[in-house]
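Take a look at the letters that make up each chain.
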Amino acid sequence: MSALVETAVYRSVQGVVEKNEELAQQVLKNEARINQLEIEIDDMAIGLLALQAPLAADLRLITAAIKINNDLERMGDLSVSIAESAMALVREPVIRPSIDIPHIAALAQGMVRKALDAFVSRDSELARSVLASDDAVDNLRTASYHELTSFMENNSSQIPQALRLLTVVRNLERIADHATNIAEDVLFLVKGIDVRHHNEQRAPVASG
Amino acid sequence: MNPALIGSPSQPVTLSDAKLSAKDLSFYYGTFQALYNISLSIAPHKITAFIGPSGCGKSTFLRTMNRMNEILRNTRVEGELTLDGQDLLAMDVTTVRRRVGMVFQKSNPFPKSIFDNVAYGLRVNGMHKRSVVEEAVERSLTHAALWTEVKDKLNKPATALSGGQQQRLCIARALAVEPEVLLLDEPCSALDPIATLKIEELLFEIKSLTTIVIVTHNMQQAARLADYTGFFFMGKLVEFDDTRVMFQNPHKKETEDYITGRFG
């Protein structure tokens, strides 16, 4: 599941950056497999909850897996959306606003890879490094928004392409958000702490 | 786990290769009817669990399967009960109990040595060749996950073992005569969680050797262990299905209420 989604993110971005329609098509083709795996993983997790009454680390693993599964499937959907933008952009005249999609994409992909590596190796430090990257992606998205707005004001004939690029940027930022969610789930899994919504102190179970 | 199984109404009630099969089985203690028209099949080399509140009939049904209720006066069975298609109710009772072994809630080792406890069934069945008996004792104790703990003290009294060890010894004693079915009536209710886990693990292992039917008050034990689970209530079999269906998506409201603790 992780590998399929990581590949989907990569291919959809390459589809935009290289104007490669074939890569974008592959993303659409693999979506059904990702959806099927989402169902199978949830089914397995629910079966374990129903029959094995998991506790402590086992319980955290299964609840984290259910949430991560959901984030992965959403990333798959966002990759499909990026791939669709890529396929549309291939057919339209090239525009050159000064936004750096490859840079945003590299950041988002790095977050996805680190979050998944952190899950596999139960590495809380790596998970924390993902949280730290989220602001950088958010800032780039905001900068791109301003850049594309002024580009559209000056190039009214190219608004459709600019809007597509805006969608791509927004989807990349959403992918980074899902990577952040996964990193938060990894911290819950490894440390039993809930760091969501900037609450560093919160423990899931009140102690003392 | 096959997702297609979830929520499917397929009940393993009429298996063609059933090890044990009950059809319209009713049971009476005097004028009190304890079981009402029970029909079900026990799948071979699977673990089947029966759950339900006290007095629901699950133990009575289990005991009917090796004719243990016959020792009580004024009891009566109606309906059919077959073992490999043969009429279990008409069979020689000694044969039934050799083919269908039983382990009880309270461990009941004989006041003999560990070795003699396990060898007992073989000897009363006429096997006195020492090498054969020794081999069977070691094999049975190994299957019961007790061999490494007792192999150096086989001549010590069985009653000196811990509660969990005594229960595993009773399972070894039952396994020694290679029963086709092993019935267990609340085998872990007097044991701590570690001893319980050992029994559950060994039952899972010996599925390949025999067919297991277990009555338990512990729903989680049924969930962890059983392939199929039946819910008894007021002498009736309310629902019987794949364990995962029973615990995740039961079809009957009574089952749902019982397993979620909303009973009565």
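As the structure is a computational prediction, the values presented were derived from the model and not from experiment.

Let us now look at the overall build of chain A. In terms of regular secondary structure, chain A is built from six helices and zero strands. When the helices and strands of chain A are read in sequence order from the N terminus, they spell out α-α-α-α-α-α. Every one of the 208 residues in chain A was classed for burial, and the buried ones make up 42%. Pairs at least 24 residues apart make up 80% of the contacts formed inside chain A by residues separated by at least 6 positions. Surface accessibility of chain A: about 10400 Å² in total, with carbon and sulfur atoms responsible for 53%. Charge centroids of chain A, computed over 20 positive and 30 negative side chains, lie 1 Å from each other.

All right, on to the confidence of the model for chain B then. Residue and element names in this part refer to chain B. With 94% of its residues at a pLDDT of 70 or more, chain B shows a mean pLDDT of 92. Of the regions scoring below 50 in pLDDT, residues 1-10 engages in 19 contacts with residues more than four places distant in sequence or in other chains. Interface scoring of the predicted complex returns ipTM 0.73; its pTM is 0.83.

What follows deals with the packing of aromatic side chains. Residues and elements named next belong to chain B. This structure, assessed with the given rule, holds nine aromatic pairs over all chains. Judged by centre distance (5.2 Å) and plane angle (85 degrees), the rings of phenylalanine 50 and phenylalanine 232 are edge-to-face. Of this pair, phenylalanine 50 sits in strand β3 (residues 47-51) while phenylalanine 232 sits in strand β9 (residues 228-233), placing them 182 residues apart in sequence. In terms of burial, phenylalanine 50 and phenylalanine 232 fall into one category: buried. Taken together, the ring pairs in this structure connect Phe50, Phe61, Tyr228, Phe232 and Phe240 into an aromatic cluster. When the ring centre of phenylalanine 110 is taken as reference, the NZ or CZ atom of arginine 173 above it lies at 4.1 Å. Here lysine 236 stacks its cationic end above the ring of tyrosine 36, 5.0 Å away from the centre of that ring.

Contact with chain A, which involves seven residues of that partner, is made by 10 residues of chain B. For the pair chain A and chain B, the two sides together bury roughly 730 Å², of which 55% comes from carbon and sulfur. With a closest N to O distance of 2.9 Å, aspartate 43 of chain A and arginine 244 of chain B form a salt bridge. Summed over the shared surface of chain A and chain B, the number is two residue pairs in polar contact (both at pLDDT 80 or more).

Summed over all chains, the structure comprises 23 salt bridges over all chains. Of the charged contacts in the structure, one is a salt bridge between glutamate 6 of chain A and arginine 113 of chain A, with a shortest N-O distance of 3.0 Å. You can see glutamate 6 of chain A sitting in helix α1 (residues 2-17) and its partner arginine 113 of chain A sitting in helix α4 (residues 101-121), a full 107 residues away along the chain. When its relative accessible area of 24% is taken as the criterion, glutamate 6 of chain A is described as partly exposed. Here glutamate 78 of chain B ties to arginine 76 of chain B by a salt bridge, and the two come within 2.5 Å at their closest N and O atoms. Overall, the relative accessible area of 32% leaves glutamate 78 of chain B in the partly exposed class.

Take the packing of helix α5 (residues 124-154) of chain A against helix α6 (residues 159-191) of chain A next. All names here are of chain A. Orientation of α5 relative to α6, taken along the N-to-C sense of each, is 165 degrees, at an axis distance of 9 Å. Between α5 and α6, the angle is such that the two are roughly antiparallel. Crossing hand, α5 versus α6: left-handed. Among the residues making up the contact of α5 with α6, the classes are represented as 20 nonpolar, three polar and eight charged.

With that settled, consider the sheet that holds strand β10 (residues 236-242) of chain B. Residue and element names in this part refer to chain B. Strand order in this open sheet of six strands is β6-β7-β8-β3-β9-β10, and the pairing throughout is mixed. Edge strands, defined here as strands with exactly one partner in the open sheet, are β6 (100-103) and β10. Each strand of the sheet is rotated relative to its neighbour by a mean of 15 degrees, with strand direction disregarded. Of the strand pairs in this sheet, β9 and β10 are connected by six bridges, and their pairing is antiparallel. Note on β10: the bridge partner recorded for threonine 229 is aspartate 241. In the packing of helix α7 (residues 193-206) onto the sheet, the strands contacted are β3, β7 (181-185) and β8 (211-215), and the crossing angle to β8 comes to about 150 degrees.

Definitions and limits used
- Residues numbered from 1 in each chain as written.
- Chains lettered and ligands numbered in written order.
- Predicted model: local features only at pLDDT ≥ 70, side-chain atom pairs only at ≥ 80, totals over all residues.
- Heavy atoms only, no water.
- Helix = DSSP H or I, 4+ residues; strand = E, 2+ residues; numbered from the N terminus.
- Buried < 20%, exposed > 50% of the residue type's maximum accessible area, 1.4 Å probe, protein only.
- Contact = heavy atoms within 4.5 Å.
- Areas by Shrake-Rupley, 256 points an atom, 1.4 Å probe, with all protein chains shown as cover.
- Lys, Arg positive; Asp, Glu negative; His and termini not counted.
- Charge placed at Lys NZ, Arg CZ, Asp CG, Glu CD.
- pLDDT = per-residue confidence, 0-100.
- Phe/Tyr/Trp six-rings, centres within 6.5 Å; stacked < 30°, edge-to-face > 60°.
- Lys NZ or Arg CZ within 6 Å of the ring centre and 35° of its normal.
- Buried area = accessible area lost by both parts, 1.4 Å probe.
- Salt bridge = Lys/Arg side-chain N within 4 Å of Asp/Glu carboxyl O.
- Polar contact = N/O pair within 3.5 Å; in protein donor to acceptor, adjacent residues only side chain to side chain.
- Axes fitted to C-alpha atoms, helices over the stretch in contact; angles between N-to-C directions.
- Parallel < 35°, antiparallel > 145°, perpendicular 65-115°, else oblique.
- Left-handed = near helix turned anticlockwise from the far one by under 90°.
- Nonpolar A, V, L, I, M, F, W, Y, C, P; charged D, E, K, R; others polar.
- Pairing = 2+ DSSP bridges.

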